[in-house]
Protein chains: 2
Amino acid sequence: MVVGGAALARERHANLRFIMFGDEAKITPLLSRHRILRDVVSVRHTDQQVKSTDRPSQALRQGRQTSMRLAINAVADGEAGGVVSAGNTGALMAMSKFVLKPMKGIDRPALCGFLPTLRGESVMLDLGANVECDEDNLVQFAIMGAAFARTILGLPRPTVGLLNVGEEELKGNEAVKGAAAILNGATLPLRFHGFVEGDDIAKGTTDVVVTDGFSGNVALKTMEGTATLFSQFLRRAFSQSLMSKVGYMLARPAIMALRERIDPRHHNGGVFLGLNGISVKSHGGMDDVGFATAIGLAVDMVADDLIGRITADMAQFSDHDEARDRAVAQ
Amino acid sequence: MVVGGAALARERHANLRFIMFGDEAKITPLLSRHRILRDVVSVRHTDQQVKSTDRPSQALRQGRQTSMRLAINAVADGEAGGVVSAGNTGALMAMSKFVLKPMKGIDRPALCGFLPTLRGESVMLDLGANVECDEDNLVQFAIMGAAFARTILGLPRPTVGLLNVGEEELKGNEAVKGAAAILNGATLPLRFHGFVEGDDIAKGTTDVVVTDGFSGNVALKTMEGTATLFSQFLRRAFSQSLMSKVGYMLARPAIMALRERIDPRHHNGGVFLGLNGISVKSHGGMDDVGFATAIGLAVDMVADDLIGRITADMAQFSDHDEARDRAVAQ
């Protein structure tokens, strides 16, 4: 999947080069199958790897020679523009944070991803990095998510919504209320929409949906589960009678187009935003196509200097914040 | 919708009687259209009503003669077995809590409802009554939700899962970890499954899903939004070409059966669990069929003595709890 994904990604991005970390004896034969990868991959051998069952703390302490850690080190050392991994999410998050360090002004990096919506695609964060968040965390997520949407979705001034349990100003916990107050008063390259609810995610009401890692993870996985439920029900419906089977055959091209549209492989890639380096998680259970999407995401973030954009936005925000604090003090 | 729903519900439940609170001049002509409701409805006139825009606190203070308040009073006075309303959720919640009072041992009542799953139906709570919850709240939700599943779904020992961001014991916030520890050690008429994730809701991994009102509301509305997204995509797919339109015509009966299965009208009704009285919220935008479902829910809860069951389970739980505390003290 990694080698195949790299080959696909290389077809799309002519100057792309790879350093692959892992067991050379396993990687080299796979590479020989892809002519397009000749001369653009260097392999760094290591026989250590982070297991899917390793705890993040364990991986951090004992995993200094693992393929994951060495790949992240390559980003920190400037050898690589970004790291893409399909491995243990918690370990990738912990190691990326430890090695690449949070950006100035960002208290907590967040896990950010895309979702299919009625209007196209939206960006949501945090998808699970931070179980509990305060108002400042949420404001930083909004700034980072908007910079990500400008970079990857090409939207000059993306709309940002704060996920809440009701649109009324009075509802919600202290963190979302506080974040809304700050975002309403700030001058930033985004349009703050206010609160959104769970059904607004799939509607695509805003380009960016900001929430804490608990709700964000619940929402993401609930969407996945509901999509699976719907697909299963649909499959059962189509296989119910001869008529419905014939109907399925006729409607098949259209249904395939629908499947293509909501295909998770085209929305693959969770990005750790807020670090001094690009780190992308490819979801488990992906194939070449999915992994190539995650690589493409890393390429776009490097090419469009996402980190530079976030740095500039954070500076603008804190200048404004300090000016406001001075104004209040006077 | 209310009168039509009552007529449908009366067809299903032969001994059902209604007290309808509201504008007599509007209700009486509607009643005359339904022979089945003759002699089983008494109308209590009031020209005051809670508006959808009223704040709960406002409704509580100023709404003592509203149809909603009078209907809840009828439950407290023993005149009615339960109240069903399609009105302002926050007001219904606040008034029900104020008038009916929380049950002994229940710190916070919760909003509970059904969801369609791959396996049938599951129960989820809290769907939005309590934005922040501690471990004791979650344990009480588990006990109430299990009693509800026994009553309404007829499951002798329902499985209960705690919604979390990962199945590993280490993940999640303090409240879910604490609740898991208590539920693991308790003797209750339920099987505690442990943690579940967002995708487990639609899979139907457990009969009952317990979470705080913020995540629960997000999950519920995310499911609704995703189902709508899927339906819209499907509609577009079927109208794409002549072939797909013909395919749709042939598969139509099967697709209608699917639609029936996930029809929100059959899962209608949010129940406030944990009060000394039955109070059911019918979702907005329902028709006769949906409102009849909500009435049916109230009927079942009264007939099966849900409140008695919760009382017994809470007593068993606190006996056990006290025994454990004594054991620890010795």
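All names here are of chain B. Two elements in contact, helix α4 (residues 67–76) and helix α5 (residues 89–100), have axes separated by 10 Å at closest approach and are oriented at 35 degrees. By crossing handedness, the relation of α4 to α5 is classed as right-handed. Packed against α4, whose contacting residues are M68, R69, I72, N73, V75 and A76, the element α5 presents A91, L92, M95, S96, V99 and L100 at the interface. Taken together, the residues of the contact of α4 with α5 sort by class into nine nonpolar, two polar and one charged.

Bringing the nonpolar core into the picture now. A142 of chain A together with A142 of chain B are the most contacted members of the largest nonpolar core, which totals 185 residues. For A142 of chain B, the residues in contact, after removing those within four places along its chain, are V160, L183, L190, V208 and V210 of chain B. Grouped together as the second largest cluster of nonpolar side chains are 15 residues, A251, A254 and L258 of chain A together with F238 of chain B included.

Of the transformation placing chain A onto chain B, the axial shift is 0.0 Å and the rotation is 180 degrees, giving an RMSD of 0.0 Å. In short, the pair behaves as if placed about a two-fold rotation axis. Every residue of chain A has its C-alpha some distance from the rotation axis, and the shortest such distance is that of G247 of chain A, at 1.9 Å. Comparing interface residues between copies, 100% of those in chain A also sit at the interface in chain B, which points to an isologous, same-surface contact.

Residue and element names in this part refer to chain B. Given a rise of 1.5 Å per residue, 18 residues ought to cover 26 Å, and the 25 Å separating the end C-alpha atoms of helix α6 (residues 135–152) matches this to within 8%. Among the 18 residues that make up α6, 16 are buried, leaving the element largely enclosed by the rest of the structure. Just past α6, the residue G154 takes up positive phi, approximately 70 degrees.

Bringing the pairing of strand β2 (residues 41–45) of chain B into the picture now. Residue and element names in this part refer to chain B. In this sheet, β2 lies alongside strand β1 (residues 18–22) in parallel orientation, the contact comprising five bridges. In the sheet register, I19 faces β2, and the bridge partner there is S42. Note that the unit made of β1, helix α2 (residues 24–31) and β2 has a crossover that is right-handed.

Another point: the sheet that holds strand β8 (residues 208–210) of chain A. All names here are of chain A. Sheet architecture is open: eight strands sit in the order β3-β10-β9-β4-β5-β8-β6-β7, paired in mixed fashion. Strand pairing shows two members of the sheet lacking a second neighbour, β3 (82–85) and β7 (191–196), which therefore form its edges. Between one strand and the next, the sheet's axes are offset by a mean angle of 25 degrees, whatever the strand orientation. Most of the contacts of helix α7 (residues 174–185) go to β7, to which it runs at about 160 degrees, and overall it touches β6 (159–163) and β7.

Let us now look at the interface of chain A and chain B. Counting from both sides, the interface comprises 55 residues of chain A and, opposite them, 55 residues of chain B. Of all the secondary-structure elements, those providing two or more residues to the side of chain A that touches chain B are α8 (198–203), α9 (213–238) and α10 (242–262) of chain A. In the side of chain A that touches chain B, the residues fall into 29 nonpolar, 17 polar and nine charged.

Quick look at unusual backbone geometry now. Residues and elements named next belong to chain A. Looking along the chain, the bond that leaves L125 and enters D126 is cis, with omega of 0 degrees. Positionally, D126 belongs in the loop between β5 (120–125) and α6 (135–152). In this structure, K101 takes a positive phi of about 65 degrees despite not being glycine. For K101, a count of 15 C-beta atoms within 10 Å corresponds to the partly exposed category.

As a further point, take the packing of α9 of chain A against helix α9 (residues 213–238) of chain B. Taken N-terminus to C-terminus, the directions of α9 of chain A and α9 of chain B make an angle of 35 degrees; their axes are 8 Å apart at the nearest point. Note on packing geometry: the crossing formed by α9 of chain A with α9 of chain B is right-handed. Of the residues in α9 of chain B, those touching α9 of chain A at F214, S215, V218, A219, T222, M223, T226, A227 and F230 of chain A are F214, S215, V218, A219, T222, M223, T226, A227 and F230 of chain B.

The next subject is the sheet that holds strand β3 (residues 82–85) of chain B. Residues and elements named next belong to chain B. Pairing is mixed in the open sheet, where eight strands are placed in the order β3-β10-β9-β4-β5-β8-β6-β7. A strand with exactly one partner marks an edge of an open sheet, and here the two such strands are β3 and β7 (191–196). Mean inter-strand twist for the sheet, computed between neighbouring axes without regard to direction, equals 25 degrees. In this structure, strand β5 (residues 120–125) lies alongside strand β8 (residues 208–210), joined through three bridges in parallel fashion. In the strand pairing of β8, L125 is matched with V210.

All names here are of chain B. Here R235 shows up in helix α9. By the C-beta count within 10 Å, which is 12 here, R235 ends up exposed. Counting along the chain gives 23 residues from R235 to D212, while the straight-line C-alpha distance between them is 35 Å.

Attention now moves to the pairing of strand β10 (residues 278–281) of chain A. Residues and elements named next belong to chain A. Of the two faces of β10, both are covered, the one formed by I278 and V280 as well as the one formed by S279 and K281. Inspection of the sheet shows β3 paired to β10 by four bridges, in the parallel sense. Pairing of S85 across the sheet is with K281, part of β10. Strand direction decides the pairing type here: strand β9 (residues 270–273) and β10, joined by two bridges, are antiparallel. Counted as the bridge partner of V271 is V280 from β10. Turn length for the β9-β10 hairpin, with the two strands adjacent in sequence and antiparallel, is four residues, and the turn residue G274 shows positive phi of about 105 degrees.

When pLDDT is averaged along chain A, the result is 89; 95% of the residues meet or exceed 70. Predicted complex, confidence summary: ipTM 0.86, pTM 0.88.

A few words on the environment of V160 of chain B. Residues and elements named next belong to chain B. Along the chain, V160 falls in strand β6 (residues 159–163). C-beta crowding within 10 Å serves as the criterion here: with 25 such atoms nearby, V160 is assigned to the buried category. Between the C-alpha atoms of V160 and R191, which are 31 residues apart in sequence, the distance is 6.1 Å. Setting aside residues no more than four positions away along its own chain, V160 makes contact with A142, G145, A146, L190, R191, F192, H193, T206, V208 and V210.

What follows concerns the environment of I307 of chain B. Residue and element names in this part refer to chain B. The topology assignment puts I307 in helix α12 (residues 306–329). Taking the C-beta count within 10 Å as the criterion, I307 has 21 such neighbours and is therefore assigned buried. The sequence separation of I307 and I278 amounts to 29 residues, and the corresponding C-alpha distance is 8.0 Å.

Conventions and cut-offs
Residues numbered from 1 in each chain as written. Chains lettered and ligands numbered in written order. Predicted model: local features only at pLDDT ≥ 70, side-chain atom pairs only at ≥ 80, totals over all residues. Axes fitted to C-alpha atoms, helices over the stretch in contact; angles between N-to-C directions. Helix = DSSP H or I, 4+ residues; strand = E, 2+ residues; numbered from the N terminus. Left-handed = near helix turned anticlockwise from the far one by under 90°. Contact = placed C-beta atoms within 7 Å. Nonpolar A, V, L, I, M, F, W, Y, C, P; charged D, E, K, R; others polar. Core = buried A, V, L, I, M, F, W, Y, C linked by C-beta atoms within 7 Å. Buried ≥ 20, exposed ≤ 12 C-beta atoms within 10 Å, placed from the backbone. Least-squares fit on C-alpha atoms with pLDDT ≥ 70 in both. Expected span 1.5 Å × (residues − 1). Pairing = 2+ DSSP bridges. Right-handed = clockwise from strand over helix to strand, strands pointing away. pLDDT = per-residue confidence, 0-100.

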